[in-house]
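A look at the structure
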Amino acid sequence: MRIVLEQTTLAPPAEVHVVAVLGEGVVAPDAPILRADDLGALRGDGIFETLHVRAGAPWLLDEHLARMAGSAARLQLALPPEAELRELARQAVAAWPAQHEGTLRLICTRGAESGSAVTVFATVGPVAASIRKARREGVAVLTATQGFPADLRGSAPWLLGGAKTLSYAVNMACLRWATASGADDVLWTSTDGYALEAPTSTLVWLEGGTLWSVPAEATGILAGTTARWLLDHAGELGWDAAERLVTPAEVIDSDGAWLTSSVRGVAAIRTLDGTPLKTSPQVTDDIRNVLGFPS
Ligand code: PLP
């Protein structure tokens, strides 16, 4: 069943914010829940998932929990059983006003440096105005190198390709660099000339009636849950779906390209390195409807 969320386009009051701790349930939003030597805070040593909350429920919870388990395995992290994480998500989302869309984060750090179990908590907050603007208006994107070839991470597990780790300082720096350069987002490239992914989203593009994405396993990009769901439903839009490597020049020449992610949903790429793309607003709306996001 698909639910289109017209009633949730307004953001809730800024003070609404939910925090829930594994085994404790919902706590005060300003309750101290991390020790000063928590390795998540000290080293970004941990994993997380970000989910869209719609009609009072997390979207694609199974897929996110499966990816979180994969991230934990890559980091050799003792993630609690799935049933406990599911209950944590349920508790957090139950405290969120169901008429508003929201952002659910599930976080698991390695725990205290002095030795402890993992630290696990969840937050629910509003969808930022900048995210809703990108849904409506699309994004101007700049390419930026990641400094390694496309196939490096596939054969270098210590680089944690495919894991959604808490070490997002570089990702956030890329977005600040894009903003400072007059753009909205970044498309990471490899040293051998391929487009990979964006710091918080997956590249998809339309070419020859096929919706394409970049293969995750071979490149070490994050396997996007939103892109996977969209490619699995591409038939509803009359398209085939497939994966391949792509260059930025091919993205520019495509019939349209988008960045997909759990909370933003779909953002049309308006320009890449200043060159306009053929991305059609109508097709963007069609994709957004298939994904069930408000505009
Ligand atoms: N790639 C990266 C690096 C991300 O951080 C994200 C989302 O956070 C994505 C892709 C998109 O993944 P998803 O659609 O599961 O949100």
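As the structure is a prediction and not an experimental result, all values here were calculated from the model.

A tally of helices and strands in the chain yields nine helices and 14 strands. By the compact-globule yardstick of 19 Å for 295 residues, the chain fits well, its C-alpha radius of gyration being 19 Å. Across its three principal directions, the C-alpha atoms of the chain cover 50 × 45 × 35 Å. Residue burial in the chain is summarised as follows: out of 295 residues, 52% are buried. Residue pairs in contact within the chain that sit at least 24 positions apart in sequence constitute 72% of those at least 6 positions apart. Here the chain displays about 12,900 Å² of accessible surface, and carbon together with sulfur accounts for 55% of that area. Charge-centre separation for the chain: the mean point of 23 positive side chains lies 3 Å from the mean point of 33 negative side chains.

This brings us to the site of the ligand. Around the ligand sit 17 residues, and of these Lys164, Tyr168, Thr225, Thr226 and Ser262 come closest. The separation between an oxygen atom of the ligand and a polar main-chain atom of Pro199 is 3.4 Å. Elements with a minimum of two residues in the shell around the ligand: helix 2 (61-75), helix 7 (225-232) and strand 12 (257-261). Classifying every residue of the shell around the ligand by side-chain character gives four nonpolar, ten polar and three charged.

Let's shift gears to the domain arrangement of the chain. If you check the domain split of the chain, you get domain 1 (6-126) and domain 2 (131-291). Contact with domain 1, which involves 26 residues of that partner, is made by 21 residues of domain 2. Surface buried jointly by domain 1 and domain 2 totals about 1,900 Å² across both partners, of which 59% is contributed by carbon and sulfur atoms. It is Phe48, Arg67 and Arg74 in domain 1 that bury the most area against domain 2; as a group they hold 34% of the surface buried on that side. The tally of links between domain 1 and domain 2 comes to two salt bridges. Glu217 is the salt-bridge partner of Arg74, the closest N and O atoms lying 3.9 Å from each other. Linking domain 1 with domain 2 are eleven residue pairs in polar contact (both at pLDDT 80 or more). Elements with a contribution of two residues or more to the side of domain 1 that touches domain 2: helix 1 (39-43), strand 3 (46-54), helix 2 and strand 5 (102-109). No other element matches the eight residues that strand 3 contributes to the side of domain 1 that touches domain 2. Tallied by class, the residues present in the side of domain 1 that touches domain 2 amount to nine nonpolar, ten polar and seven charged.

Here the focus is the packing of helix 2 against helix 3 (residues 82-94). The geometry of a pair of packed helices is captured by two quantities: the angle between their axes and the separation between those axes. Between helix 2 and helix 3, whose axes approach to 11 Å, the crossing angle comes to 130°. In terms of axis orientation, helix 2 runs oblique to helix 3. Considering the relative orientation of helix 2 and helix 3, their crossing is right-handed. Contact with helix 2, carried on its side by Leu61, Asp62, Leu65 and Met68, involves Glu82, Leu85, Arg86 and Ala89 of helix 3 and no other residues of that element.

Applying the stated criterion across every chain, the model contains four aromatic pairs. Each ring, one from Phe48 and one from Tyr168, has its centre 5.1 Å from the other, and the planes form 80°; the classification is edge-to-face. Of this pair, Phe48 sits in strand 3 while Tyr168 sits in the loop between strand 7 (139-145) and helix 5 (169-180); the two residues are 120 residues apart in sequence, bridging distant segments of the chain. For Phe48, a relative accessible area of 10% puts it in the buried group. Measuring from centroid to centroid gives 5.2 Å for Trp59 and Trp229, while their planes differ by 65°, and the two rings are edge-to-face. Residue Trp59 is found in the loop between strand 4 (57-58) and helix 2, and its partner Trp229 is found in helix 7; the two are separated by 170 residues along the sequence. Of the residues examined, Trp59 reaches a relative accessible area of 13% and is grouped as buried. Grouping aromatic residues by their ring pairs yields a cluster made of Trp59, Trp229 and Phe293. A cation over a ring is seen here: Arg54 above Phe293, with NZ or CZ 4.6 Å from the ring centre. Across the ring face of Trp212, the terminal group of Arg244 is positioned such that the distance to the ring centre comes to 5.2 Å.

What counts as what
- In every chain, residue numbers begin from 1 and rise along the written sequence.
- With the structure being a predicted model, the display of local features is reserved for residues of pLDDT at least 70 and the display and counting of side-chain atom pairs for 80 or more, all residues being used for whole-chain, interface and lining totals.
- Computation of side-chain values: all heavy atoms of the structure, hydrogens and water removed.
- Secondary structure elements follow DSSP: runs of H or I of four or more residues count as helices, runs of E of two or more count as strands, with numbering from the N terminus.
- Both definitions apply: the radius of gyration is a C-alpha atom measure, and the globule rule equals 2.2 Å times residues to the power 0.38.
- The buried label goes to any residue with under 20% of its type's maximum accessible area, the exposed label to any with over 50%, and the partly exposed label to all in between, with areas taken from a 1.4 Å probe on protein chains only.
- Between two residues, a contact is recorded if the distance between any of their heavy atoms is within 4.5 Å.
- Here the Shrake-Rupley method, with its probe set to 1.4 Å, supplies the accessible areas, and only the displayed protein chains count as covering residues.
- Charge assignment in this entry is limited to Lys and Arg as positive and Asp and Glu as negative, and neither His nor the chain termini are counted.
- Where a charge lies is defined by one atom per residue type, namely NZ (Lys), CZ (Arg), CG (Asp) and CD (Glu).
- When we say a residue is near a molecule or strand, we mean one of its heavy atoms is within 4 Å of it.
- Polar contacts, as counted here, are pairs of nitrogen or oxygen atoms within 3.5 Å of one another; within protein the pair requires one atom able to donate a hydrogen and one able to accept it, and residues that are adjacent in sequence qualify only if both atoms are side-chain atoms.
- Under the scheme applied here, ten amino acids are nonpolar (Ala, Val, Leu, Ile, Met, Phe, Trp, Tyr, Cys and Pro), four are charged (Asp, Glu, Lys and Arg), and all others, including Gly, are polar.
- The domain limits used here are those given by an automatic or database domain assignment.
- Buried area is understood as the total, over both parts, of accessible area removed when two parts are fitted together, assessed with a 1.4 Å probe.
- Salt bridges are defined as contacts in which a side-chain nitrogen from Lys or Arg sits within 4 Å of a carboxyl oxygen from Asp or Glu.
- Axes here refer to lines fitted to C-alpha atoms; in helices the fit is confined to the stretch in contact. Angles between the N-to-C directions go from 0 to 180 degrees.
- Roughly parallel covers angles under 35 degrees, roughly antiparallel covers those over 145, roughly perpendicular covers 65 to 115, and oblique covers all other angles.
- Here a crossing is taken to be left-handed if its near helix is turned anticlockwise relative to the far helix by less than a right angle, and right-handed if that turn runs clockwise.
- Side-chain rings of Phe, Tyr and Trp (the six-membered ring for Trp) are treated as a pair once their centres are within 6.5 Å; stacked means planes under 30 degrees apart, edge-to-face means over 60, and tilted covers the remaining angles.
- Only Lys NZ and Arg CZ are tested; either one counts as a charge over a ring when it is within 6 Å of the ring centre and within 35 degrees of the ring normal.

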